[in-house]
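# Structural description and commentary
These are the residues of each chain, in order.
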Amino acid sequence: MSGAPTGEEITDDGFLDGKLKILQPAKGYRAGLDAVLLAAAVPARAGERALEAGTGAGVASLCLASRVSGLEVAGIELQPELVRLATANITRNGLGERVSIAEGDIGHPVRDLAAMGLEPNAWHHVFANPPYHDPAASPASPNSSKAQAHLTLGSDLDDWVRFACVMARAKGTVTFIHRAEALGDLLASMTGHLGGIEVFPLWPAAGKAASRIIVRGQRGSRAPLTLRPGLVLHGRDGRFTERTEALLRRGEALLLDQPA
């Protein structure tokens, strides 16, 4: 595993049908389907700038950069070991000219973020897969990395939405993927900050309750909220649907207004 940080138990995983080679912790938080779908839902174009909050090993940022040539992607990640892995992944996938990850906290003062090269009000798109467990209701994982990734640990959705809205430029988009039961809290956090909000459910299979949601809004928009048809992930045979396969393997864009 050339370029892998030493002293860590890691795996070498393929994403986008092997187009991307990603080093991840063998134990702890590991990116998967959520990261790929999040990247697919960001409506970025060549010549724009996108920022990911909480990059982990860099899967979503790299999937987005792979799909949109000419896009600049930056990220911020709190855990140093994940920053090292993300940096290695950027290099080994040949995206060092367009993708960068900084070590830092989304709760840092704006002036500190700007000093790291993360200027406020400067990004066409901001996206994130925030921690989705409440530590008061869920026991922490014995693995500290996984606990930080999956528990809020002092930061809540308000913090993530606030960071995204501070960093996004006027008319810029903010995109989150989260557990379906968090929709109420997420919409409450976005109210007054974002408009034109689109809610896109992810159904495990036809007739099943949504397990995840993608929620996207726009700074400065006055458009009303729209509930989109969503995406059915698996067919009756248990395999991914054709549309899901196109996203996960061919790296196609997820158009939220496209019929299911």
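Above: the structure in question.
Parameters and conventions
- Residues numbered from 1 in each chain as written.
- Predicted model: local features only at pLDDT ≥ 70, side-chain atom pairs only at ≥ 80, totals over all residues.
- Heavy atoms only, no water.
- Axes fitted to C-alpha atoms, helices over the stretch in contact; angles between N-to-C directions.
- Helix = DSSP H or I, 4+ residues; strand = E, 2+ residues; numbered from the N terminus.
- Parallel < 35°, antiparallel > 145°, perpendicular 65-115°, else oblique.
- Left-handed = near helix turned anticlockwise from the far one by under 90°.
- Contact = heavy atoms within 4.5 Å.
- Salt bridge = Lys/Arg side-chain N within 4 Å of Asp/Glu carboxyl O.
- Buried < 20%, exposed > 50% of the residue type's maximum accessible area, 1.4 Å probe, protein only.

Taken N-terminus to C-terminus, the directions of helix H1 (residues 33-41) and helix H2 (residues 59-67) make an angle of 40 degrees; their axes are 8 Å apart at the nearest point. When the axes of H1 and H2 are compared, the pair comes out oblique. Viewed along their axes, H1 and H2 form a crossing whose handedness is right-handed. Contacts from Ala35, Val36, Leu38, Ala39 and Ala40 in H1 reach Val59, Ala60, Cys63, Leu64 and Arg67 in H2.

A full pass over the atoms with the stated rule returns 12 salt bridges. In this structure, Asp34 engages Arg212 in a salt bridge whose closest nitrogen and oxygen atoms are separated by 2.8 Å. Placement of Asp34 in helix H1 and of Arg212 in strand S9 (residues 212-219) is noted, with a sequence separation of 178 residues between them. Judged by its relative accessible area of 19%, Arg212 is buried. The shortest N-O distance in the salt bridge between Glu198 and Arg228 comes to 3.0 Å.

Next up on the list: unusual backbone geometry. The backbone of Leu16 sits at a positive phi, close to 55 degrees, despite the residue not being glycine. Mapped onto the elements of the fold, Leu16 is located in the loop between strand S1 (10-15) and strand S2 (20-25). Backbone geometry places Lys171, a non-glycine residue, at a positive phi of 70 degrees. Mapping Lys171 onto the fold places it in strand S7 (residues 168-179). In this structure Lys171 comes out as exposed when scored by relative accessible area, which is 53%.

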